Amino acid sequence: MLLLRTTIGRLARNYVTYTTYFDPARRLPNHTMAPTLPDISTTPAPDQHITYDGKDYTTIKEGLAHILIPITASKVPQTSPQGENQAQSVFYNPIQQFNRDLSVLAIKAYGEEVLERKKQSILRNREKLAAKRKEKKRKRENDGLSEGARKAGKLDGDAQPAGSKVPEKNVNQSADATLRQETEKGEYGDQQQTFVEDPVPTGLQESSSATAPADVQDTSTTNPEPISKAPSVVNSPFTILDALSATGLRALRYVQEIPFTTSVTANDLLPAATKTIKMNIKHNGLDEKIEALTGNATTHMYNVSFGVSKGFEDATKPRPKYDVIDLDPYGTVVPFLDAAVQAVRDDGGLLCVTCTDAGVWASNGYPEKSFSLYGGVPIKGQHSHEGGLRLILNAIATSAARYGLAMEPLLSLSIDFYARVFVKIHKSPADVKFLAGKTMVVYNCDQGCGAWTTQMVAKNKLAKNKNGNGYFWKHVFGMAPTASEDCKHCGMKTHMAGPMYAGPLHSPTFIKRILDDLPNISKDTYQTFDRIEGMLTVALEETLPPLEEDANSPTLSSKTGRWDPAAIDPYPFFFIPSMLSKVIHCITPVENAFRGALRHLGYRVTRSHCKPGTIKTDAPWEVVWEVMREWVKQKQPIREGAVKRNTAGYNILKLDEKDGSDPVKSVAETNNGNPSNGSTVNPKLDVVFDESLGKEPETKKLVRYQLNPRENWGPMNRAKG
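Source: prediction; values computed, not measured.

**So, the overall build of the chain**
For step 1, the next point in the chain: When helices and strands are tallied, the chain shows 23 helices and 21 strands.
For step 2, the next point in the chain: Counting every atom, the chain has about 37,300 Å² of accessible surface; 53% of that belongs to carbon and sulfur.

**Re the sheet that holds strand S12 (residues 347–355)**
For step 1, the next point in the chain: An order of S10-S9-S8-S11-S12-S14-S13 is seen for the seven strands of this open sheet, with the pairing classed as mixed. Edge positions in the sheet fall to strand S10 (290–294) and strand S13 (405–415), since each of these pairs with one other strand and no more. With strand direction ignored, the average angle separating the axes of adjacent strands in the sheet is 15 degrees.
For step 2, the next point in the chain: By the bridge criterion, eight bridges tie S12 to strand S14 (residues 418–427) in an arrangement that is antiparallel. Each bridged residue has a counterpart across the sheet, and for Leu-351 the counterpart in S14 is Val-423.

**Re the pattern of salt bridges**
For step 1, the next point in the chain: One pass over the full model with this rule turns up 29 salt bridges.
For step 2, the next point in the chain: One salt bridge connects Asp-323 with Arg-345, and the closest N-O pair in it is separated by 3.6 Å. Note that Asp-323 is positioned in the loop between helix H9 (297–305) and strand S11 (324–327) and Arg-345 in the loop between helix H10 (334–343) and S12, a separation of 22 residues in sequence. No difference in accessibility class separates Asp-323 from Arg-345, as the two residues are buried.
For step 3, the next point in the chain: Several salt bridges converge on common partners, so that one network encompasses Glu-62, Arg-100, Asp-101, Arg-253 and Glu-257.

**Quick word on the sheet that holds strand S4 (residues 55–62)**
For step 1, the next point in the chain: As summarised here, the arrangement of the three strands in space is S3-S4-S5, forming an open sheet in which the pairing is antiparallel. Two strands in the sheet have a free side with no partner beyond their single neighbour: strand S3 (49–52) and strand S5 (65–70). Adjacent strand axes in the sheet meet at a mean angle of 45 degrees when their direction is disregarded.
For step 2, the next point in the chain: Sheet strands touched by helix H8 (residues 271–284): S3, S4 and S5. Its angle to S5, the strand with the most contacts, is close to 130 degrees.

**Some thoughts on the packing of aromatic side chains**
For step 1, the next point in the chain: Counted by the stated rule, this structure contains eleven aromatic pairs.
For step 2, the next point in the chain: Centroid distance Tyr-110 to Phe-238: 6.3 Å. Interplanar angle 45 degrees. Geometry classified as tilted. Within this pair, whereas Tyr-110 is found in helix H3 (residues 97–142), its partner Phe-238 is found in the loop between strand S7 (231–233) and strand S8 (239–242), the two being separated by 128 residues in sequence. Exposure class is identical for Tyr-110 and Phe-238. Each is buried.
For step 3, the next point in the chain: Connected via pairs of aromatic rings, a cluster forms that spans Trp-452, Phe-573, Phe-575, Phe-594, Trp-621 and Trp-625.
For step 4, the next point in the chain: For the cation-ring pair, Arg-531 lies above Phe-98, with the distance from its terminal atom to the ring centre recorded as 4.5 Å.

**Notes on the side chain of Thr-606**
For step 1, the next point in the chain: Structurally, Thr-606 can be placed in strand S20 (residues 605–606).
For step 2, the next point in the chain: A polar contact is formed between the side chain of Thr-606 and the backbone oxygen of Glu-541, at a distance of 3.0 Å.
For step 3, the next point in the chain: Residues within four places of Thr-606 in sequence aside, it is in contact with Glu-541, Glu-542, Leu-544, Thr-614, Ile-615 and Lys-616.

**A word on the packing of helix H18 (residues 577–584) against helix H20 (residues 621–634)**
The description of two helices packed together rests on the angle between their axes and the distance between the axes.
For step 1, the next point in the chain: One can describe the packing of H18 onto H20 by two numbers: an axis separation of 11 Å at closest approach and a directional angle of 65 degrees. With respect to H20, the element H18 is oriented roughly perpendicular. Handedness of the crossing formed by H18 with H20: right-handed. Of the residues in H20, those touching H18 at Leu-580, Ser-581, Val-583 and Ile-584 are Trp-621, Val-624, Trp-625, Met-628 and Val-632.
For step 2, the next point in the chain: When grouped by side-chain class, the residues that make up the contact of H18 with H20 number eight nonpolar, one polar and no charged.

**Considerations on unusual backbone geometry**
For step 1, the next point in the chain: Between Gly-498 and the following residue, Pro-499, the backbone shows a cis peptide bond with an omega angle of 0 degrees.
For step 2, the next point in the chain: Note that Pro-499 resides in strand S19 (residues 495–501).
For step 3, the next point in the chain: In this model, Ala-246 sits at a positive phi of 60 degrees, which is unusual for a non-glycine residue.
For step 4, the next point in the chain: Residue Ala-246 is classed as buried on the basis of its relative accessible area, which comes to 19%.
For step 5, the next point in the chain: The backbone phi angle of Asp-416 is positive, close to 50 degrees, even though this residue is not glycine.
For step 6, the next point in the chain: Counting through the fold element by element, Asp-416 comes out in the loop between S13 and S14.

**Description of the environment of Gly-111**
For step 1, the next point in the chain: Looking at the secondary structure, you find Gly-111 in helix H3.
For step 2, the next point in the chain: Placed 239 residues apart in sequence, Gly-111 and Leu-350 show a C-alpha to C-alpha distance of 9.1 Å.
For step 3, the next point in the chain: Those residues within four positions of Gly-111 in sequence are excluded, and the remaining contacts are Phe-238 and Phe-260.

**Brief notes about the pairing of S10**
For step 1, the next point in the chain: Pairing between strand S9 (residues 263–268) and S10: five bridges, direction parallel. Counted as the bridge partner of Thr-265 is Glu-291 from S10.
For step 2, the next point in the chain: Crossover connection from S9 via H8 to parallel S10: handedness right-handed.

**Details of the packing of helix H19 (residues 591–600) against H20**
For step 1, the next point in the chain: Running from N to C, H19 and H20 point in directions that differ by 125 degrees, and their axes come no closer than 11 Å. What the angle tells us is that H19 and H20 run oblique. Read as a crossing pair, H19 and H20 show a hand that is right-handed. Here H19 contributes Phe-594, Ala-597 and Leu-598 to the contact with H20, which in turn contributes Val-623, Val-624, Val-627 and Met-628.
For step 2, the next point in the chain: Looking at the contact of H19 with H20 residue by residue, the classes come out as seven nonpolar, no polar and no charged.

**Brief notes about H8**
For step 1, the next point in the chain: A rise of 1.5 Å per residue sets the reference length of H8, with its 14 residues, at 20 Å; its end C-alpha atoms lie 20 Å apart and thus fit the reference within 8%.
For step 2, the next point in the chain: Of all the positions in H8, only Ala-273, Thr-274, Thr-276, Ile-277, Met-279, Asn-280, Ile-281, His-283 and Asn-284 are classed as buried.
For step 3, the next point in the chain: Just beyond H8, the residue with positive phi is Gly-285, at close to 70 degrees.

Reading the values: the criteria
Residues numbered from 1 in each chain as written. Predicted model: local features only at pLDDT ≥ 70, side-chain atom pairs only at ≥ 80, totals over all residues. Heavy atoms only, no water. Helix = DSSP H or I, 4+ residues; strand = E, 2+ residues; numbered from the N terminus. Areas by Shrake-Rupley, 256 points an atom, 1.4 Å probe, with all protein chains shown as cover. Pairing = 2+ DSSP bridges. Axes fitted to C-alpha atoms, helices over the stretch in contact; angles between N-to-C directions. Salt bridge = Lys/Arg side-chain N within 4 Å of Asp/Glu carboxyl O. Buried < 20%, exposed > 50% of the residue type's maximum accessible area, 1.4 Å probe, protein only. Contact = heavy atoms within 4.5 Å. Phe/Tyr/Trp six-rings, centres within 6.5 Å; stacked < 30°, edge-to-face > 60°. Lys NZ or Arg CZ within 6 Å of the ring centre and 35° of its normal. Polar contact = N/O pair within 3.5 Å; in protein donor to acceptor, adjacent residues only side chain to side chain. Parallel < 35°, antiparallel > 145°, perpendicular 65-115°, else oblique. Left-handed = near helix turned anticlockwise from the far one by under 90°. Nonpolar A, V, L, I, M, F, W, Y, C, P; charged D, E, K, R; others polar. Right-handed = clockwise from strand over helix to strand, strands pointing away. Expected span 1.5 Å × (residues − 1).

Geometry only, nothing functional implied.
What follows is the structure, given as structure tokens:
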């Protein structure tokens, strides 16, 4: 017993005296002082251990940014986190790296376009200034007043006699000053911009300076610089608001990966989150470019929209509106939209929106909640996620329209458990007038065959002007219901969905700009590169524009060089052949064979980014069901009794016919010879299931649809504080 007490006492003294740690190489205790961890000023590196404010952290790298997490926390979020892991699982979710990678590339593509427009704007304004100077010089020469005479007159006497005419030069100087101010201001409001000419070779700079000093050279007699020289944007402000920043990871990446970003504001409601943001800013050495704020995001955006200055200290210097606002909340984005559309620049500012409440806008469980949040009822069925995107766009468009702001969708994606959309905001009351004619309700046969019919809330109608030499858009009431309460294909009851946005989901030009930049980026930095390339390619392919545009439309992009506010998507939803097969109880057609049959009939076919196995086509539902009937007849006959009487499949196949004719009827017979949507369908369609025609050309192997990345993945738990 005495020996045991002596041993315990000796161990206790060793524990107090030394910091004991194990040397992995020797496998023996090494009684020396533990090495000190580096502090936060150390250059960031992945899996780096540092100490800050008495706590130990490890570093996670994403893109070019590094964030710190507690050294004991798990890098993989847990479904039920405990202890140190609880905060980490809330703040950092690696599953959304695709969202962040895509956001960086989208904002970069948008910003490059903005800078190019600014460069062209300043160039046009300089041309105007040069043309005005040239015209004034021509007028002076026509008046017979030479340059030397004007200078001599000025030297002879400074004062002008009473009633004498003021020299033209004095008037022109004030005009030149006014025009120069307008030139520097350009088309982009009051934000300060700095532009310089493209650099001149060193030899030319030296020779010109040796010939005549710049401060004494007479600029009125020298030849002006060539107007064709394009200005370079040096210090044009490009500001971003990360309104719900959490760790500040998005802000860090925007500054480091978008080279023309001048400042980012990282805001969060929780003081603990803001403390983390400041720590990560300091660790990345970006104190000068990122401003961390603690406060309500809506309040901050309202303050910006109403011109409140930083810290409320100087009302004469308001905080300018942001070029980009990124909203990535937990759940719905709706509470932030009203403030966001006012705080972003109204000359084409970018709004990036995430909604993680797919259980509301893409399901049939909460129609009342969807209506209260997004102003519309979700659509039930296989195309629910595509309908959800249109509900979100409708919520943004209506929020902006109240202030005379029009929304232009650039990219709208349904990803995993959330939606991500990128839209431009324009100040244009004229464009807002098109919104009612681009808002639709859907009559959806969700309990029967899955067909749908759309109806616009109002109508945008082309009318001749009074002179009869042109057309203008007239906004009128919409027609009465375009469909009965029973589906004309299967006879089942239909349900109404919407109102929702009926315009195009994407801008092909914007998507191409992102895709064109992909070869220039590093896969090590953007680890979701393959998925980004695949999904954007599908999004680009899924757009089916009208075959013919009305040449009388004054808003066509080919005429205006800008977004067409009157454009609608005539083919807004997809379908899945396997779902159609369930209706008539047959084996699912081979995907290539089904596409080939539609293409053989002269229709366009593509796929949707929302789900694998989808088909988007401009073929009407009458043709789609005729193809399915022919599939049953030619390839996969169904056994007798497989389809019950008075079901959707029974009515589509017309199995109750007693005249001895073939149960698979032609589309004209099925619909009394009156196909929907104004389409003309021949009484007997030549349906050929040509797999080679339906096969998509594979120029490059792409990851179009992502599998589940790991177990128990998702949005994780809501932050608490």
